[in-house]
Amino acid sequence: MALVPAVSTKQLGGGRLYYKDGNDWKEIGKVKEFKYKYSTEETEGTSHDGCMEEIDDSRISSSSGEVSFVTENISEENVANAAAGTIEQVSYAIGNTLPDETVATKAVTIPTIKAGKLSMVEKHLKFIGANCTQGKRYVVEFYKVTLKSDSDIAPQVLKDFMQIPFTGKMLATDIADESELFTTYLIPAG
Amino acid sequence: MKKYKALVPLRGDGGKTVTVGKEIELDAETAKTLLANKQIENIVEAEPAKTVETAKPKGAK
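Rules used throughout
Residues numbered from 1 in each chain as written. Chains lettered and ligands numbered in written order. Predicted model: local features only at pLDDT ≥ 70, side-chain atom pairs only at ≥ 80, totals over all residues. Heavy atoms only, no water. Core = buried A, V, L, I, M, F, W, Y, C linked by side-chain atoms within 4.5 Å. Buried < 20%, exposed > 50% of the residue type's maximum accessible area, 1.4 Å probe, protein only. Helix = DSSP H or I, 4+ residues; strand = E, 2+ residues; numbered from the N terminus. Contact = heavy atoms within 4.5 Å. Buried area = accessible area lost by both parts, 1.4 Å probe. Salt bridge = Lys/Arg side-chain N within 4 Å of Asp/Glu carboxyl O. Phe/Tyr/Trp six-rings, centres within 6.5 Å; stacked < 30°, edge-to-face > 60°.

Engineer: Which residues make up the nonpolar core, and what are the values?
Structural biologist: If you look at the biggest cluster of nonpolar residues, it comprises 19 residues, and the most contacted ones within it are Leu17(A), Phe34(A), Val67(A), Phe69(A), Leu125(A) and Phe142(A). With four residues, the top contributor of residues to this core is strand β9 (residues 137-148) of chain A. When near neighbours in sequence (up to four residues on either side) are disregarded, Phe34(A) contacts Leu17(A), Val67(A), Ser68(A), Phe69(A), Phe127(A) and Phe142(A). Of all hydrophobic cores here, the second largest spans ten residues; its members include Val103(A), Val18(B), Ile24(B) and Ile40(B).

So, in structure tokens, the structure goes:
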């Protein structure tokens, strides 16, 4: 019997988070924290041969996962996703009163997000880790995540940048190559 | 471009707010619309004071 030591695989955090938009991957941008959690539930088999019930089998019977991230990128898409909303481009002519109660001196189009217009915000996400330590590049792909933002959004706090927190539930898809909740790639350096 | 006085808060260049009573430079077409809406007014320049020549008393050199 041999003692096999572990090879050091330390990774520094950092990377970029993208969502699939048609054939492109668009960056969510300025992601401050990114976490995911994979959970399983077990089904236990028991025997009653003796005086006590004994567990004699244990199998994973279901799995689920969650992702969470915080972004400081206050883009139209991120604000809309946080509010389960739709983006409308509203045009204002010269002389019209704008939402900030000033009057337009030039024609302007303002992205306007109407909250609660969608019953579900579903994204195909990919995290591409930064290769900070010349080690493996850590890439995780989540095929179907329903996103929501249920934490505080505080646009008026001056000492911090505005942040939008998101949580999401991983879901299985019907697509053959993407039927698992997520896939991890460890891309070797060099 | 001519200067006008804001009668309501206006959205100026770069999105900066021009508060009531402040001046803003506008092109003629924009000014026409805002003047019609009574959102700006023309700045009336004060006429320069006229110099009055006082008649010299008779006999003065």
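Engineer: Run through the interface of chain B and chain A, naming residues and quoting values.
Structural biologist: Across the contact, 14 residues belong to chain B and ten residues belong to chain A. Regarding the contact of chain B and chain A, the summed buried area is about 880 Å², with carbon and sulfur atoms giving 59% of it. When the buried area of chain B at its contact with chain A is split by residue, Pro9(B), Arg11(B) and Thr30(B) rank highest and sum to 50% of it. Here chain B is connected to chain A by one salt bridge. Residue Lys106(A) pairs with Asp13(B) through a salt bridge whose shortest N-O separation is 3.0 Å.

Engineer: A description of the side chain of His124(A) should follow, citing residues and the corresponding values.
Structural biologist: Tracing the backbone shows His124(A) in strand β8 (residues 121-129). When sequence neighbours within four positions are dropped, the list of residues in contact with His124(A) reads Tyr18(A), Tyr19(A), Lys20(A), Trp25(A), Glu141(A), Phe142(A), Tyr143(A) and Glu178(A).

Engineer: Tell me about the packing of aromatic side chains, and please be specific about residues and values.
Structural biologist: Residue and element names in this part refer to chain A. Applying the stated criterion to the full structure yields eight aromatic pairs over all chains. With a centroid separation of 6.0 Å and an interplanar angle of 65 degrees, the aromatic rings of Phe34 and Phe142 are classed as edge-to-face. Within this pair, whereas Phe34 is found in strand β3 (residues 31-47), its partner Phe142 is found in strand β9, the two being separated by 108 residues in sequence. Accessibility classification places Phe34 together with Phe142 in one group, the buried group. Summarising the aromatic geometry, the rings of Phe142 and Phe182 are spaced 5.7 Å apart at their centres and angled 35 degrees between planes, so their arrangement reads as tilted. Remark: Phe182 occurs in strand β11 (residues 182-187) and Phe142 occurs in strand β9; sequence separation between them is 40 residues. Among the residues examined, Phe142 registers a relative accessible area of 0% and is labelled buried.

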